[in-house]
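One-letter residues, chain by chain:
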Amino acid sequence: MTIYLIRHADPDYAHDTLTAKGWREAELLSKRLRGISNAFYYVSPLGRAQDTVSLALKAAHTNAVTLPWLREFDTGYSVSSSYSASHIAWNLNPSVWITDSLCYDKDRWFLSDVYKNSGVHEVYCSVADGLDHLLALHGYAREGAAYKILHTNTDNLLLFCHFGVECVLLSHLLGCSPVILWNNSIALPSSVTVLCTEEYSLDSAVFRMQCFGDLSHLYASP
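Everything quoted here is computed from the prediction, not taken from an experiment. (Residues numbered from 1 in each chain as written. Predicted model: local features only at pLDDT ≥ 70, side-chain atom pairs only at ≥ 80, totals over all residues. Heavy atoms only, no water.)

**Student:** Where do I start with the nonpolar core in this structure?
**Tutor:** If you look at soluble globular proteins, the nonpolar side chains tend to sit buried side by side. Membership of the largest hydrophobic core comes to 46 residues, with the highest contact counts inside it found for Leu70, Phe73, Tyr115, Leu135, Leu159, Leu169 and Trp182. Sorting the residues of this core by element identifies strand E1 (2–7), helix H3 (120–137), strand E7 (146–149), strand E8 (156–161), helix H4 (163–174), helix H5 (178–184) and strand E10 (204–214) as the ones contributing at least two each. In this structure, Phe73 is in contact with Trp90, Val120, Val123, Val127, Val165, Val168 and Trp182, ignoring residues within four places of it in sequence. Counting residues in hydrophobic clusters, the runner-up holds 15 residues, among them Tyr4, Leu57, Leu158 and Phe160. (Core = buried A, V, L, I, M, F, W, Y, C linked by side-chain atoms within 4.5 Å. Buried < 20%, exposed > 50% of the residue type's maximum accessible area, 1.4 Å probe, protein only. Helix = DSSP H or I, 4+ residues; strand = E, 2+ residues; numbered from the N terminus. Contact = heavy atoms within 4.5 Å.)

Right, dumping it as structure tokens:
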């Protein structure tokens, strides 16, 4: 199975839609994705993600399922102004987290002073649980840090979402702290991140990342 994590195209945040540039990005993205067979489309309820997927759905002559847990965090990420000018979990002053070993701990990052009592861990868990439920529907059930193969397949799951949520999904699949991904990586608008199952046995799989934040669909445009 393959998972495509797709960030919405260039956003008009004020109106929760896309800019003119964003619509062009979405068009080029749709051309890239339309050749994917056995594809299942899932999308955040927010307008900028819905608009981005709309052109891909038109090109593929299909529909998407809206999943509430794919939306960008609207609760559970507020942090003290002394840590972040924007009060969001993925835009921190480096000085407040790079010296805190808890932020690097995949199991305890949310106990760091910067995240303690913020509610961000509860939102993280809701996203992780939502992902695991979806994967189980497609034949891969979470078992410890890996996935039990209920039925191996070549399904392609296309998840249209947002940067903060994408980092949570990667954190859960790869077994690392989301703080590192939030603050040491960037997936630009309309970018595509691809993970596929590595099935070492008949009953167990892990996910391996083939590419992160790919924008080749934009470079291919004349």
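From this point, things continue past the structure.
**Student:** In this structure, what is going on with the sheet that holds strand E6 (residues 140–143)? I would like to understand it.
**Tutor:** Strand pairing in a sheet takes place through backbone hydrogen bonds and is either antiparallel or parallel in direction. The mixed open sheet is built from eight strands, whose spatial order is E5-E4-E8-E1-E9-E10-E7-E6. Both outer strands of the open sheet, strand E5 (64–66) and E6, are each paired with one neighbouring strand and no more. Averaged over all adjacent pairs, the angle separating strand axes in this sheet is 30°, with direction ignored. Relative to strand E9 (residues 192–198), E1 runs antiparallel, the two sharing five bridges. The partner of Ile6 across the bridge, within E9, is Val192. Against the sheet, helix H1 (residues 20–33) touches E1, strand E4 (39–43), E8, E9 and E10, its axis set at about 170° to E8. (Pairing = 2+ DSSP bridges. Axes fitted to C-alpha atoms, helices over the stretch in contact; angles between N-to-C directions.)

**Student:** Can you help me understand the packing of aromatic side chains in this one?
**Tutor:** Given two aromatic rings, their pairing is described by the distance between the two centres and the angle made by the two planes. Scanning the entire structure with this criterion turns up eight aromatic pairs. Judged by centre distance (6.2 Å) and plane angle (20°), the ring pair of Tyr41 and Phe160 falls under stacked. Taken as a pair, Tyr41 in strand E4 and Phe160 in strand E8 lie far apart in primary sequence, 119 residues in all. Here Tyr41 falls in the buried class, since its relative accessible area comes to 5%. Taking the relative accessible area as the measure of exposure, Phe160 reaches 1% and is therefore buried. A centroid spacing of 5.4 Å and a plane angle of 85° characterise the contact between Tyr147 and Phe207, whose relative ring orientation is edge-to-face. With Tyr147 in strand E7 and Phe207 in strand E10, this residue pair connects regions lying 60 residues apart in the sequence. Looking at Tyr147, the relative accessible area reads 1%, which means it is buried. Residue Phe207 is classed as buried on the basis of its relative accessible area, which comes to 5%. Counting every residue linked through ring pairs, the aromatic cluster contains Trp109, Phe110, Tyr115, Tyr124 and Trp182. (Phe/Tyr/Trp six-rings, centres within 6.5 Å; stacked < 30°, edge-to-face > 60°.)

**Student:** Which parts of the structure should I look at to understand the environment of Trp69?
**Tutor:** Examined against the element boundaries, Trp69 turns out to sit in the loop between E5 and H3. Excluding residues that lie within four positions of it along the chain, Trp69 makes contacts with Ser126, Val127, Gly130, Leu131, Leu134, Val165 and Leu169.

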